[in-house]
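Chain residues, written in single-letter form:
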Amino acid sequence: MSRDKDGHYITKDIAGKLGKSFIKNPLTAVLGIVILLLGWISLTTIPREEDPQIAISGGGIIVAMPGATANQIEKVISIPLEKKLREVKGVEHIYSTSMENVGIINIMYYIGENRAESNLKLYDKVMQNMDKIPHGVMPPMVKPFDIDIDVPIVTIAFYQKDDSNISLLEFTHKIRELETEITGLDNVAKTKLYGAHKEQYTVKVNVDKLTGYHVSMGQLMMAIKQFSKNAPSIKGQTNGDKIIRFRVSNAINSVKDLENVMVSRYRDNPLYLKQIATITSGIDEQNFQNVDFKYRDINSGKLTENRRQITLAISKLAGTNAVFTAKDILSFIKEHEVEFKKLGIEYNVTRNYGERANHAVNELMNHLLITIAIIAIMLVFALGWRESIIVTFSVPAILAITLFIAYLSGQTMNRITLFAFLLSLGLLVDAAIIVIENIHRHLHEEGNINRDMEDILIEATDEVGAPTNIATLAIILTMVPMAFVGGMMGAFMKPIPYNVPVALLASLFVAYIFTPYLSLKLLKKPKSDEEYDMDMNPYGICGICKGEHHTHEHKHEENKISKGDI
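Computed from a prediction, not measured in an experiment: that's the story for all the values here.

J.: Can you break down the overall build of the protein residue by residue, with the values?
T.: If you tally the helices and strands in the protein, you get 19 helices and 13 strands. Every one of the 566 residues in the protein was classed for burial, and the buried ones make up 42%. Partitioning the intrachain contacts of the protein with sequence separation of at least 6 by distance along the chain shows that 73% fall at a separation of at least 24. As displayed, the protein offers around 31,300 Å² of accessible surface, 56% of which is attributable to carbon and sulfur atoms.

J.: Describe the packing of helix α2 (residues 27-45) against helix α18 (residues 495-522), naming the residues involved and giving the relevant values.
T.: Two elements in contact, α2 and α18, have axes whose closest approach is 11 Å; the angle formed by their N-to-C orientations is 125°. Between α2 and α18, the crossing angle belongs to the class labelled oblique. Both α2 and α18 take part in a crossing whose hand is left-handed. For the pair formed by α2 and α18, the contact residues are Thr28, Ala29, Leu31, Gly32 and Ile35 on the first element and Ile513, Phe514 and Tyr517 on the second. Grouping the constituent residues of the contact of α2 with α18 by class yields 6 nonpolar, 2 polar and no charged.

J.: Could you give an account of the layout of surface pockets, with specific residues and numbers?
T.: Take a probe with the size of a water molecule and roll it over the atoms, and the empty space left behind shows itself. In this structure, the largest pocket occupies an estimated 520 Å³ of space. If you go around the largest pocket, you meet 24 residues; those closest to its centre are Gln53, Ile54, Ala491, Lys494 and Tyr498. Secondary-structure elements contributing two or more residues to the lining of the largest pocket are α17 (487-492) and α18. Class assignment for the residues of the lining of the largest pocket results in 9 nonpolar, 11 polar and 4 charged.

J.: So what's going on with helix α12 (residues 353-382)? Which residues, and what values?
T.: Here α12 is 30 residues long and its end C-alpha atoms lie 44 Å apart, about the 44 Å a rise of 1.5 Å per residue gives. If you check which residues of α12 are buried, you get Tyr353, Gly354, Ala357, Ala360, Val361, Leu364, Met365, Leu368, Ile372, Ile375, Ala376 and Leu379. A positive backbone phi angle near 135° is found at Gly384, which sits one or two residues after α12.

J.: Can you explain a nonpolar patch on the surface? Please cite residues and give values.
T.: Residues Leu27, Val30, Val34, Leu37, Leu38, Trp40 and Ile41 make up a contiguous nonpolar surface patch of about 650 Å² in total accessible area. Tracing the chain through its elements places Val30 in helix α2. Of the residues examined, Val30 reaches a relative accessible area of 44% and is grouped as partly exposed.

J.: Account for the packing of aromatic side chains, with residues named and values stated.
T.: Within the structure shown, the criterion is met by 4 aromatic pairs. With 5.8 Å between their ring centres and 75° between their planes, Phe158 and Phe340 make a pair best called edge-to-face. You can see Phe158 sitting in strand β5 (residues 154-160) and its partner Phe340 sitting in helix α11 (residues 337-343), a full 182 residues away along the chain. On the basis of relative accessible area, Phe340 is assigned to the buried category, the value being 1%. In this structure, Lys274 packs its charged tip against the face of Tyr272, placed 5.9 Å from the ring centre.

Conventions adopted
Residues numbered from 1 in each chain as written. Predicted model: local features only at pLDDT ≥ 70, side-chain atom pairs only at ≥ 80, totals over all residues. Heavy atoms only, no water. Helix = DSSP H or I, 4+ residues; strand = E, 2+ residues; numbered from the N terminus. Buried < 20%, exposed > 50% of the residue type's maximum accessible area, 1.4 Å probe, protein only. Contact = heavy atoms within 4.5 Å. Areas by Shrake-Rupley, 256 points an atom, 1.4 Å probe, with all protein chains shown as cover. Axes fitted to C-alpha atoms, helices over the stretch in contact; angles between N-to-C directions. Parallel < 35°, antiparallel > 145°, perpendicular 65-115°, else oblique. Left-handed = near helix turned anticlockwise from the far one by under 90°. Nonpolar A, V, L, I, M, F, W, Y, C, P; charged D, E, K, R; others polar. 1 Å grid on protein atoms, 1.4 Å probe; cavity = no way out; pocket = protein on both sides within 12 Å on 5 of 7 lines; lining within 4 Å. Points joined across faces, edges and corners; volume = space filled by probe spheres on them. Expected span 1.5 Å × (residues − 1). Patch = residues over 30% accessible without salt bridge, like charges linked within 9 Å, V, L, I, M, F, W, Y side chains within 5 Å. Salt bridge = Lys/Arg side-chain N within 4 Å of Asp/Glu carboxyl O. Phe/Tyr/Trp six-rings, centres within 6.5 Å; stacked < 30°, edge-to-face > 60°. Lys NZ or Arg CZ within 6 Å of the ring centre and 35° of its normal.

Here it is, written out as structure tokens:
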């Protein structure tokens, strides 16, 4: 055992050097408070999600060639474009669909490829080969996938009550206004309405009158297209005496305006649309089927009849806190409840990803606290309550350091991150337990009773430094290979190899810095025989011979009392 000229222990390992530097440093307590505070800030501000975000890159290329057959599209567009896209680095799969007039090529990159760089490479490769586009092919359209903002975190179903005093069209307009306002909230990336209708004028053509006036469908369409660029083309025969409905804009502001559109001339007289068709103002029912749903009444508990609904889906920006964003959205909706009540509009929150993410994180945090409490109780019986307090402090300190580093590295709090903490929890206290157990042993060694307390703590910490470092490094090396697992599973489990090694390294520093410091504050050496005797006989009277106090080397021959009996 190496000692200096003053008899103090000379440290050899990093453990002893750290313990010696911080054991009497007044900043050690400040450092502990700062670590716990940074951990708390990180826990409350780090973005929360139910599952970790996985970087999925890809896109679609749409190339139109009017008049071409599916076979021609495949030979002229799909196959040549597939060959060119294979030149892009990081591409895993390419799928193509060839149909009449258009070809669609979907490209998928390997999991983990940078999305921005992948989209740029895709667009760049298409632009590089624009000169090779055959005659008659329209310029390609590149549509990158945006998985992060395509999945909504909140969906809200709006519906009209039986006593609603607004029309379906006014109801739709109100929800669209609400959607526009929500788009302006912080961290809201994308909003979309499902089941919303658009205003349109419905034109029901009397086929018999159309034939009687010798007017073709083409003439009727051209007359309407003069006022509306949104009028669709007609292909094929319609059923009955009804044709397709049109949405008319621009110069058409009322049914009367549309009725007075001149279609043609018949016997030198103008022929108006109202003479051959019936025009009404309504909604675009022809574009999709109505979306209905049932809901359970809160008071009666009964299911209502089907209600026509409009669902508002809201997505968040990538890397933002789903909990905070969802709360902001729902708070904004509640601000409009009075207005909704006047209009006869009700709503149900059908999906709240923020609440689910918060519940999942809080549940795992509760399990984490329960585990820490179990460890503390076990240590009370194994080492003592003072030693248990010291080891128990190390757990939140280690987790605080890990959370802060995860926050700085841009990670999110999710189920896999907390699973990594739970997985490493038993390993986190190993270093602190080893150090405190060795300190406990040194304090109770007979030869160390008269030694300086600080020197004993430094020696005990330094003594176990080397084997503890090697054991921790070995565990870290078993976790590192998980970071190189590819595919969806590798990306999903990334928080484990990222956080477990950090937590284990943090456990070493916490054990070497705070365990000796707290031991100096909380632990005491066992009392020597003389100190014990003085405590039992504060007036200096020997408890055996009733005489003056004497050392334990003195023996009472008559009673044959040995050293340990006094």
